[in-house]
Each structure stands twice: as structure tokens, then as C-alpha cells.
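# What the coordinates show
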Amino acid sequence: SYPELLDHLAIEFIESGWDIKSLFKAIVLSQTYQQSSNLSKALLEKDPHNQFFARQGSYRLPAEIIRDNALLIAGLLQDDVGGDSSRPYQPDGYYRHLNFPVRKYQTDKDSNQYRRGVYVHWQRQFLHPMLKAFDAPSREECTAQRPRSNTPLAALVLMNDPTFVEAARSFAELILLQDLPNDESRLEFAFRKALSRVPDADESTILLSMLKSNLKKFESNPTAADDLLNVGLHTSDEALNTTDVAAWTTVTRTIFNLNESISRN
């Protein structure tokens, strides 16, 4: 739809000495790229397929970035460059049919657990289940473009994969460590941190009600709170009340499960 723009970018690319980073920088710093993906009715009628780039495209993040995003929000992400592969939590026996030779998967027991998704160990045919649920390729063949599915399995991963449960727990602790006067302000902080906005009235009502019911649940069943807080390597802050952390963890798990949390604006 904009051949003149393509010509302009091509000429800039050539004259820069084929500097790919410079080209990417020019694109991502442009006003067009930095637009919101929010769509008005008038814009939808005028340009339904966004051929004229009047808005940004909104789509689900790649599998590796979904994991990185949760770890970053939780304050766990290790962004060191280079080094060994990362071996995140994985179901026991997942490699049991992998032979010639037989392989055993050893989960990392240190900060390597929280490295960026680009460093996660890849085993062809036995791709990590979290990555597979979000359409990462197995690397058995060339993949020109990844599919973007929307399945219940992906939601189950966000709710139950140990990496996301642990990230939710760490995020809950981060919320409780803020000097805030009440649960409403804590929820607002959580939304700003995870979604860059404040919750609307319905969201606040639902999540604060969930928080209250889970506080009662964990107060009457401390063992359930302990079980939830024992997921993952991250050491809980002993100064925090375990019931409060467990209850807020249910809220942060819900926030991580929102489509908005795993989509690019």
C-alpha cells in the first residue's frame, strides 16, 4: 500500500552500508510503529485490514517472550547475555521415550532457571511443553512463520506451569512489599506493573472478591497456602504473611492468564 515508503527504506538501508540494526531502529522509533492497536469503529470501516497503518497490530507474543514477560514482571528474569542453556521446570519422565542415547533432564537449581527464553534448552521432537503450547516450532524443519493458536491448553499452562506459578508468587510478594494503604491500591499497582493501566470497576470488583474469598480459604487451610508457596526455587520473604502471599498469588495468576498479558498492543 506504500511503495514509496518501501523505496525510501530500501535506499536508507543501502546507504547505511546494509546496517540492519539501524534499519530496525528507524522503524521502531517511527510514529507509525509506536501507535496503539486500539481500534475505533470508524477506522475499522475505513481500513479493516490496516493496509494504511493507521494503527499498530495486536497479536499474541511468541512463546519465549510470554515466559520472559512473566519473569520480568515478577522481578525474576536474568538477562545475562551468553552462557549455558537454561533448563526450566519440566514434567518428570517427559524424555522417557527419547533413546539413542537415553537422556535425563536435570532442572536448573540456580538463577539459570530464570534466564531468557532464547536460552531455553531445545530437544528436537521433545520441545518444552510450555513452548509447544504457545506454538514454538520443534525445529525439525524450517518454519517461515509460526502459527498463533488459541486453545484451553495455553490457559492451563499459564495457570499451572511451575514457572508461571512461581512468577505469580514472586509478583504477589512484590505487591505486598509496596508501601500502599489498602488492597485497592495494591491491585492498581499490580495492573500498572503488568498491563500498564489501572483496572476498571468490574475487574476491581471481581479480583478483590477473589482475594477476599481466598484469604478465608487459606486462613482455614494453612497447608494449602504452604503448598502453593513451595512451588519453585524462589525463596519467600519471611517477613510476609503466608496467607496474604497465597491469596495475592491467586490474583496474580489470574492477571497473568489475561489475554492482555500475553498480547502485544
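Whatever comes next refers back to the structure up there.
Let me sum up the structure you'll find in this document. One numbering rule holds for all chains: residues counted from 1, following each sequence as written. With the structure being a predicted model, the display of local features is reserved for residues of pLDDT at least 70 and the display and counting of side-chain atom pairs for 80 or more, all residues being used for whole-chain, interface and lining totals. Each side-chain value is worked out from all heavy atoms of the structure, with water and hydrogens disregarded.

Before going further, it helps to examine the pattern of salt bridges. The salt bridge definition used is simple: a Lys or Arg side-chain nitrogen within 4 Å of an Asp or Glu carboxyl oxygen. Within this structure, the stated rule accounts for eight salt bridges. Between Glu 64 and Arg 146 there is a salt bridge, and its shortest N-O distance comes to 2.9 Å. Taken together, the residues Glu 64 in helix α4 (residues 63-74) and Arg 146 in the loop between α5 (129-133) and α6 (152-160) connect sequence positions 82 residues apart. Relative accessibility under 20% of the residue-type maximum defines a buried residue, over 50% an exposed one, and the middle range a partly exposed one, all with a 1.4 Å probe and only protein chains included. Relative accessible area serves as the criterion here: at 11%, Glu 64 is assigned to the buried category. A residue is classified by how much of its surface remains accessible, and Arg 146, at 30% relative accessible area, is partly exposed. Of the charged contacts, one joins Glu 203 and Arg 197 as a salt bridge, the two residues approaching to 2.8 Å between their closest N and O atoms. Judged by relative accessible area, Arg 197 falls into the partly exposed class, the value being 23%. Counted as one network, the salt bridges with shared partners bring together Arg 197, Glu 203 and Glu 260. Helix and strand definitions follow DSSP, with helices as H or I runs of at least four residues and strands as E runs of at least two, each counted in order from the N terminus.

Cis geometry marks the peptide bond from Phe 100 to Pro 101, where omega comes out at -5°. Its place among the elements puts Pro 101 in the loop between α4 and α5. The backbone phi angle of Asn 50 is positive, close to 55°, even though this residue is not glycine. Assignment of secondary structure puts Asn 50 in the loop between α3 (41-46) and β1 (59-60). One non-glycine residue, Phe 100, adopts positive backbone phi at about 60°. Of note, Phe 100 is situated in the loop between α4 and α5.

We now examine a nonpolar patch on the surface. Here a patch means residues that are over 30% exposed by relative accessible area and free of salt bridges, tied together within 9 Å if like-charged and within 5 Å if nonpolar (Val, Leu, Ile, Met, Phe, Trp, Tyr). Surface exposure here means Shrake-Rupley accessible area, sampled with a 1.4 Å probe, where a residue is shielded only by the protein chains that are shown. On the surface, a cluster of nonpolar side chains totalling about 550 Å² of accessible area is made up of Ile 20, Phe 24, Ile 27, Val 28, Leu 29 and Tyr 33. Given a relative accessible area of 54%, Leu 29 falls into the exposed group.

Once that is clear, we can look at the nonpolar core. Joining through side-chain atoms within 4.5 Å is the link that ties buried Ala, Val, Leu, Ile, Met, Phe, Trp, Tyr and Cys residues into a set, and such a set is a nonpolar core. In this structure, Ile 66, Leu 131, Phe 134, Phe 171 and Trp 248 are the most contacted members of the largest nonpolar core, which totals 52 residues. Of all the secondary-structure elements, those providing two or more residues to this core are α4, α5, α6, α7 (162-176), α8 (183-195), α9 (201-220), α10 (222-229) and α11 (242-257). Per element, the largest residue contribution to this core is eight residues, and it comes from α7. If sequence neighbours within four positions are ignored, Ile 66 has contacts with Arg 60, Leu 61, Met 130, Phe 134, Leu 158, Phe 164 and Ile 262. When checking whether two residues touch, look at their non-hydrogen atoms; a contact exists if any pair is within 4.5 Å.

What follows deals with the side chain of Arg 55. Structurally, the position occupied by Arg 55 is in the loop between α3 and β1. Note that His is not counted, nor are the chain ends; the positive residues are Lys and Arg, and the negative ones are Asp and Glu. Buried and unpaired, Arg 55 has no salt bridge, with Asp 47 as the nearest side chain of opposite charge at 4.8 Å. Polar contact is the term for a pair of N or O atoms within 3.5 Å; when the atoms are in protein, one must be able to donate a hydrogen and the other to accept it, and sequence-neighboring residues count only if both atoms are side-chain atoms. A distance of 3.2 Å separates a polar atom in the side chain of Arg 55 from the backbone oxygen of Pro 48. Setting aside residues no more than four positions away along its own chain, Arg 55 makes contact with Gln 35, Ser 36, Ser 37, Asn 38, Leu 39, Leu 43, Asp 47, Pro 48, His 49 and Asn 50.

Here we come to the packing of aromatic side chains. Each Phe, Tyr or Trp ring (for Trp, its six-membered ring) is paired with any other whose centre lies within 6.5 Å, and the angle between the two planes then decides the class: stacked below 30 degrees, edge-to-face above 60, tilted in between. Using the criterion set out here, one finds eight aromatic pairs in the structure. Working rule: Lys NZ or Arg CZ, within 6 Å of ring centre, within 35 degrees of ring normal, means a charge sits over the ring. Over the ring of Tyr 119 we find Arg 115, and its NZ or CZ is 4.0 Å from the ring centre. A cation sits over an aromatic face here: Arg 139 above Trp 122, 3.7 Å from the ring centre.

Structurally, Leu 71 is set in helix α4. Residue classification places Leu 71 among the buried residues on the basis of a relative accessible area of 1%. For the pair Leu 71 and Ala 167, spaced 96 residues apart in the sequence, the C-alpha separation amounts to 5.7 Å.

All right, on to α6 then. Considered for burial, the residues of α6 that qualify are Ala 154, Val 157 and Leu 158. The buried residues of α6 occupy an angular sector of 95° when the element is viewed end-on, so they sit on one face. Exposed residues on α6 whose side chains face more than 90 degrees from its buried face are Pro 152, Leu 153 and Leu 156. Structurally, α6 contributes buried residues whose contacts are with α4, α5, α7 and α11. Our arc is simply the arc of the directions from the helix axis toward the C-beta atoms.

Let's shift gears to the side chain of Thr 249. Residue placement: Thr 249 occurs in helix α11. The exposure class of Thr 249 is buried, given its relative accessible area of 0%. From its side chain, Thr 249 meets the backbone oxygen of Val 245 in a polar contact 2.6 Å long.

A separate point is the packing of α6 against α11. It is the contact of α6 with α11, at a shortest axis distance of 9 Å, that shows an interaxial angle of 145°. Two packed elements cross with a definite hand, and for α6 against α11 that hand is right-handed. Across from Ala 155, Leu 158, Met 159 and Asn 160 in α6, the residues of α11 making contact are Arg 253, Phe 256 and Asn 257. In this description, a line fitted to the C-alpha atoms serves as the axis of each element, helices being fitted only across the stretch in contact, and the angle between N-to-C directions of two axes falls anywhere from 0 to 180 degrees. Two helices that cross are described as forming a left-handed crossing if the nearer one is turned anticlockwise from the farther one by less than a right angle, and a right-handed crossing if clockwise.

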